[in-house]
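# Understanding the architecture of this molecule
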Amino acid sequence: MVAAGRERVNAQHWGERLAVPTAFVLTVAILAVVFYYPVLSVLREAVVRAGSLTAAPLVDVLGDPFYTGVAHHLFTAPLSIPAGVLEWVQSGFPPVEFGLFGFTAYQAFLSTLASVVIGLPGAYLLARFEFRGRRTLRSLTILPFVLPSIMVAVGFLAMFGQNGLLNDVLGALGLGQVNLLFTLEIIVLAHAFYNAPLVTRLVTTAWEGVDARRVETARALGAGPFRAFRDIVVPQLLPALLTAALLTFVFTFLSFPIVLALGGLRLATVEVWLYARVQDLELAEAATLGTIETVLSLALTYLYLRYEARQTTASGGTTLPRRALAVGWRTLRDPVRIGLAIYGVAILVLFVGPLVSMIVESVTGPNGLTSAYYEFLLDQQATTAAGTTKPLPAIANSLAFGVGTLALAVPMGIVVSLMATRGGTGSRLAETLMSAPLAVSGVVVGLGLLQTLVFGTTIAGYRFTAGGALAIVVAHAVAAYPFVTRNVTPALAGIDSQLVDSARSLGASRFRTLLDVELPLVWTAVLAGGAFAFAISIGEFDTTVLLAEGVESYTMPVALERYIGNRSLGPSLGPATAMGTVLLLVTAASFLVIERLGGRWEP
Amino acid sequence: MDRRQFLRRSSAGVAGLAMLAGCTGAGDSGSGSEANGSSNGTRTTSAGSDSTATTGSASSGGTLRVATYSSFTGEDTAGNWLKSAFEKENSGTTVEFLTPENGVNQYVQRAKQGAPIDADIYLGLNTAELVRARKKLDKPLFQSVGEDLDGADGLKKPLRIDPKKRAVPYDTGYISLVYNENEVEEPKTFDSLLESRYEGDLITENAQQSDPGRAFLLWSIIAKGEQNYLDYWKQLVGNGVKVLSDWEPAYQAYSDGEAPMVVSYSTDQVYYHGPDVDISKHQIGFLNDQGYANPETMALFESANDPQLARTFMEFVLTKNAQSKIAVKNVQFPAVKGVTPSKEFDKYAKEPPETVTHSYDELAGSVESWVEEWSRLVASG
């Protein structure tokens with residue numbers, strides 16, 4: 001009896017000891033199958049020609065002034081550069097062309113700047129002030145993330161267009177007209193629409209993790225409020241801010257649907273070009289562009305992770321107390337609160353405006369108000385015709401895939417965080433490689449999945465193909481887990497390592513320590529990461545479309561895209577905007593549920 | 001006409017035989033056809049169609065897999081009508097639609113990778129795609145259906161773009177300008193678009209990935225010549241033309257009043273009729289008195305399972321009845337001469353005085369470099 005009992009304890013002990021390594025191996029295996037193998041199968045076209053290694057495609061692209069502008073001399077005639085620079089100086093510094101890559105980096109830089117400027121005050125508001133609806137607002141910051149770009153583009157057109165809502169309001173106020181469409185400005189604004197909430201969210205989480213006692217100690221030691229802020233709070237916000245800025249830069253560098261829809265070809269980015277090359281089946285050139293993009297964004301990720309490793313975020317302890325936002329008449333005299341009010345108006349224009357415009361679009365036809373587009377959805381639901389995309393299955397699939405992604409991406413993300421924070425030498429490099437799904441162009445990933453999993457791969461004479469729900473969930477999880485990692489890593493790093501060490505020395509397994517000590521301390525970060533994972537799954541489009549088998553596993557964004565193609569109600573986006581409105585409502589509701597449930601479990 | 005009658009009659013005999021054969025295998029024939037009906041729901045129509053089997057064709061039974069674009073299928077579409085009408089006429093046959101997201105590229109890539117082609121017919125192919133499919137592969141993806149396809153002799157001449165008879169047109173759009181006559185006077189020629197009074201007034205689509213966008217570019221090459229089209233576009237860019245990604249965003253921007261002219265289809269008014277519609281916002285303009293035909297074609301995969309059944313389907317698509325139904329439901333012109341889709345369609349769909357288009361051979365050598373040069377010009381502009 002005793003022996004048997006001990007055996008059981010031993011078995012359980014072994015199970016726990018193996019839990020973390022097993023999860024690690026599984027994570028790596030999933031990544032290899034649905035990310036590394038597909039992506040490398042595309043990128044190899046850039047360096048392999050007729051079976052042997054070659055640098056020719058890379059040299060072709062880098063040496064082409066269309067792509068690299070003035071920098072093409074670096075690759076075609078490096079020796080001519082000093083003379084060229086001299087000539088440029090002598091002719092009085094004329095404007096320099098930087099080509100497609102240069103333009104792409106420039107717009108990404110502007111977009112990042114705009115996202116930080118717009119996102120930071122939001123974090124300040126959410127972390128430091130208490131007001132009705134604060135938690136709801138915090139949940140909703142994730143909403144832009146799931147909105148299909150075509151809808152955002154329609155919203156932006158309707159909000160900022162020549163006859164848009166903004167111009168109507170400006171006109172009514174007797175102010176001038178703005179005409180932003182098809183300019184760099186509108187692209188930067190749309191990128192901020194997507195990424196400023198990311199800045200807000202990551203920084204808010206970090207701000208809420210600041211230990212109030214350390215601020216109090218600093219103040220007690222005589223530091224003024226500004227000094228305490230600069231020395232205690234800022235260093236703890238910086239990692240989150242830099243994460244957000246870096247992610248924004250990488251995303252906007254790889255941006256394509258927004259540029260395609262709002263900028264047009266004249267403002268094309270590298271990714272827009274890559275997509276066009278794929279459409280033309282010029283896969284070698286596409287792969288070369290993808291390789292250069294990937295190298296650039298992975299290098300950025302690596303540099304950032306090295307920096308982040310030196311930072312720590314304290315956690316546990318008490319959070320900073322929030323102040324009331326409205327303090328009666330005094331509110332109107334406080335410059336900070338007035339500033340926040342102005343900020344609120346700007347946010348309404350930028351975020352609520354396009355969404356409201358989309359909803360308005362869904363109930364207005366060429367002849368004024370109409371319910372035709374929602375009737376269209378009902379008709380689609382009621383029909384028995386084969387191949388019809390119905391709204392209800394789309395909603396059900398989206399939610400199911402979202403929950404599946406949550407279940408897979410959160411453990412994967414935590415495993416990678418664990419490796420990043422407690423790993424030994426080389427863990428930065430490993431973490432970079434494991435964060436790669438953030439840094440690789442979506443077009444390349446989609447193409448890779450198509451060529452390997454959808455078409456199938458022949459192993460030992462049998463053709464393995466993947467399709468259906470499981471493949472979609474796994475693919476979503478791979479896209480989503482880096483967000484869990486980016487939320488959890490700084491928090492885990494902030495845990496006093498003595499806590500972990502003492503738990504381990506008392507005989508707890510690595511898994512037990514994680515479960516009982518670490519995770520409860522970083523629960524808010526896990527929750528934030530989980531919300532991201534869910535959001536990414538709901539909004540994901542490219543891989544879902546490729547992996548969805550026939551008509552069975554389409555999601556809300558896929559249904560929306562199919563309704564755009566459906567012209568039975570005339571050349572209008574009406575049915576799509578109706579579906580977009582449904583998507584907006586369903587996802588807003590589910591985020592509120594996620595965060596409310598999560599809040600209840602908060603330790 | 002006589003030949004067709006003859007085929008009908010003789011095929012009825014064969015279908016009768018097939019029915020007999022089906023009867024001898026009695027027991028599982030019912031469940032067998034249900035297993036075939038993987039496109040669930042619509043099988044109910046063919047249950048009753050057994051009685052009409054006498055009008056069926058030679059290749060009775062089997063599943064025909066038709067790859068097409070997603071908006072061709074589903075509730076109240078041309079695809080859905082074709083499916084039920086064809087199944088009704090050919091008892092025991094099931095038409096299954098496949099709608100790969102990346103269109104015909106899906107099959108070009110499959111062929112390249114040695115993956116199985118899971119379709120018999122591709123429906124919705126344009127000339128440039130046919131060129132691409134041929135250029136990217138060592139072996140042909142589609143087979144020639146030859147001269148003897150019933151009804152092919154009735155096809156409108158400008159739409160017969162493929163000298164090798166692989167691609168058979170089933171409908172066509174004519175690319176034209178749509179303009180708001182309250183804001184601009186109709187531009188009559190390509191040159192007039194360069195006038196300063198039209199500055200910033202035109203929206204077109206990206207020729208790299210948009211059908212109407214590419215058609216407009218190709219049209220401008222016909223109008224201005226291979227030597228001069230880039231120079232023409234340089235001036236057009238200088239005059240503020242907006243090049244958006246595709247037809248939907250372009251048309252949306254036009255409807256929102258971003259510009260008073262957009263490159264679109266000459267059938268647009270079909271959507272906008274009725275007493276309370278201001279048709280002045282949907283005027284059709286044919287530059288140089290032309291319209292560029294962008295025929296939609298169908299082609300038979302080299303690896304098709306049952307080429308005979310596929311040919312029967314293609315012939316069915318070319319019948320006058322099917323042609324008028326496709327035209328109305330897909331809002332495109334019929335490909336066959338002498339078909340009148342409907343009174344309404346005739347009234348609102350505008351046919352250009354002169355049709356221009358490029359044939360397969362004209363595009364084969366040049367379309368890629370034309371588009372590439374053009375897109376580099378616009379993207380650097």
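Residues numbered from 1 in each chain as written. Chains lettered and ligands numbered in written order. Predicted model: local features only at pLDDT ≥ 70, side-chain atom pairs only at ≥ 80, totals over all residues. Heavy atoms only, no water.

## As for the pattern of salt bridges
Charged atoms that come close allow side chains of opposite charge to pair. According to the stated counting rule, one finds 31 salt bridges over all chains in the structure shown. As a salt-bridge pair, Arg230(A) and Asp231(A) come within 3.2 Å of each other at their nearest N and O atoms. The class for Arg230(A) is partly exposed, based on a relative accessible area of 42%. Since its relative accessible area comes to 35%, Asp231(A) is described here as partly exposed. A salt bridge links Arg311(B) to Asp148(B); the shortest N-O distance between them is 2.9 Å. A residue pair is termed long-range when its members are at least 10 positions apart, and Arg311(B) in helix 10 (residues 307–318) and Asp148(B) in the loop between strand 4 (142–143) and strand 5 (168–179) qualify at 163 residues. Its relative accessible area of 45% is what places Asp148(B) among the partly exposed residues. (Salt bridge = Lys/Arg side-chain N within 4 Å of Asp/Glu carboxyl O. Buried < 20%, exposed > 50% of the residue type's maximum accessible area, 1.4 Å probe, protein only. Helix = DSSP H or I, 4+ residues; strand = E, 2+ residues; numbered from the N terminus.)

## A closer look at the pairing of strand 6 (residues 202–205) of chain B
Residue and element names in this part refer to chain B. Because side chains alternate across strand 6, one face comprises the buried residues Leu202 and Thr204, and the other comprises Ile203 and Glu205, equally buried. Where strand 6 and strand 8 (residues 261–265) come together, two bridges link them in parallel fashion. By the bridge assignment, Ile203 is partnered in strand 8 with Val262. Alignment of strand 6 against strand 7 (residues 242–244), held across three bridges, turns out to be parallel. Looking across to strand 7, one finds that Thr204 is bridged to Val243. (Pairing = 2+ DSSP bridges.)

## Brief notes about the packing of aromatic side chains
Taken as a whole, this structure holds 38 aromatic pairs over all chains when the rule is applied. The interplanar angle of 65° and the centroid separation of 5.3 Å between the aromatic rings of Phe66(A) and Tyr67(A) together place this pair among those described as edge-to-face. A relative accessible area of 11% means that Phe66(A) is categorised as buried. Between Phe333(B) and Phe345(B), the ring centres sit 5.6 Å apart and the planes meet at 75°, which makes this aromatic pair edge-to-face. Of this pair, Phe333(B) sits in strand 11 (residues 333–334) while Phe345(B) sits in helix 12 (residues 343–348), placing them twelve residues apart in sequence. Neither residue differs from the other here; Phe333(B) and Phe345(B) are each classed as buried. Cluster of aromatic residues (ring-pair linked, three or more members): Phe190(B), Phe216(B), Trp219(B), Tyr232(B), Trp233(B) and Trp374(B). Seen from the ring of Phe532(A), Arg201(A) lies directly overhead, with NZ or CZ sitting 5.8 Å from the centre. Sitting over the ring of Tyr360(B), Arg166(B) keeps its end group 4.5 Å from the ring centre. (Phe/Tyr/Trp six-rings, centres within 6.5 Å; stacked < 30°, edge-to-face > 60°. Lys NZ or Arg CZ within 6 Å of the ring centre and 35° of its normal.)

## Quick word on the nonpolar core
With 278 residues, the main nonpolar core has Phe142(B) and Phe313(B) as its most contacted residues. Residue contributions to this core peak at 15 residues, all from helix 10 (residues 184–208) of chain A. With near-sequence residues (within four places) excluded, Phe313(B) lies in contact with Leu64(B), Val66(B), Leu82(B), Phe86(B), Val95(B), Ile121(B) and Leu123(B). Within the second largest apolar cluster, twelve residues are counted, among which are Phe401(A), Phe455(A), Ile472(A) and Val473(A). (Core = buried A, V, L, I, M, F, W, Y, C linked by side-chain atoms within 4.5 Å. Contact = heavy atoms within 4.5 Å.)

## Focus: the confidence of the model for chain B
Per-residue confidence for chain B gives a mean pLDDT of 85; residues scoring 70 or more make up 84%. Model confidence for the complex is summarised by a pTM of 0.88, with the ipTM given as 0.89. (pLDDT = per-residue confidence, 0-100.)

## Describing the interface of chain B and chain A
Contacts between the two partners involve 57 residues from chain B, matched on the other side by 55 residues from chain A. Between chain B and chain A, the buried area comes to about 5000 Å², and carbon and sulfur atoms account for 53% of it. The partner of Lys136(B) in a salt bridge is Glu282(A), with the nearest N and O atoms 3.1 Å apart. Taken together, the links from chain B to chain A amount to 14 residue pairs in polar contact (both at pLDDT 80 or more). Looking at the side of chain B that touches chain A, the elements that each hand over two or more residues are helix 4 (78–89), helix 5 (105–113), helix 6 (127–136), strand 7, helix 9 (247–255) and helix 14 (367–380) of chain B. Of the residues in the side of chain B that touches chain A, the class split is 17 nonpolar, 25 polar and 15 charged. (Buried area = accessible area lost by both parts, 1.4 Å probe. Polar contact = N/O pair within 3.5 Å; in protein donor to acceptor, adjacent residues only side chain to side chain. Nonpolar A, V, L, I, M, F, W, Y, C, P; charged D, E, K, R; others polar.)

## Points about the side chain of Gln208(B)
Within the element layout of this structure, Gln208(B) appears in the loop between strand 6 and helix 7 (211–224). A distance of 3.5 Å separates a polar atom in the side chain of Gln208(B) from a polar atom in the side chain of Ser375(B). Ignoring sequence-local partners within four residues, the contact set of Gln208(B) consists of Leu265(A), Trp273(A), Ala276(A), Asp280(A), Arg214(B), Val371(B), Trp374(B) and Ser375(B).

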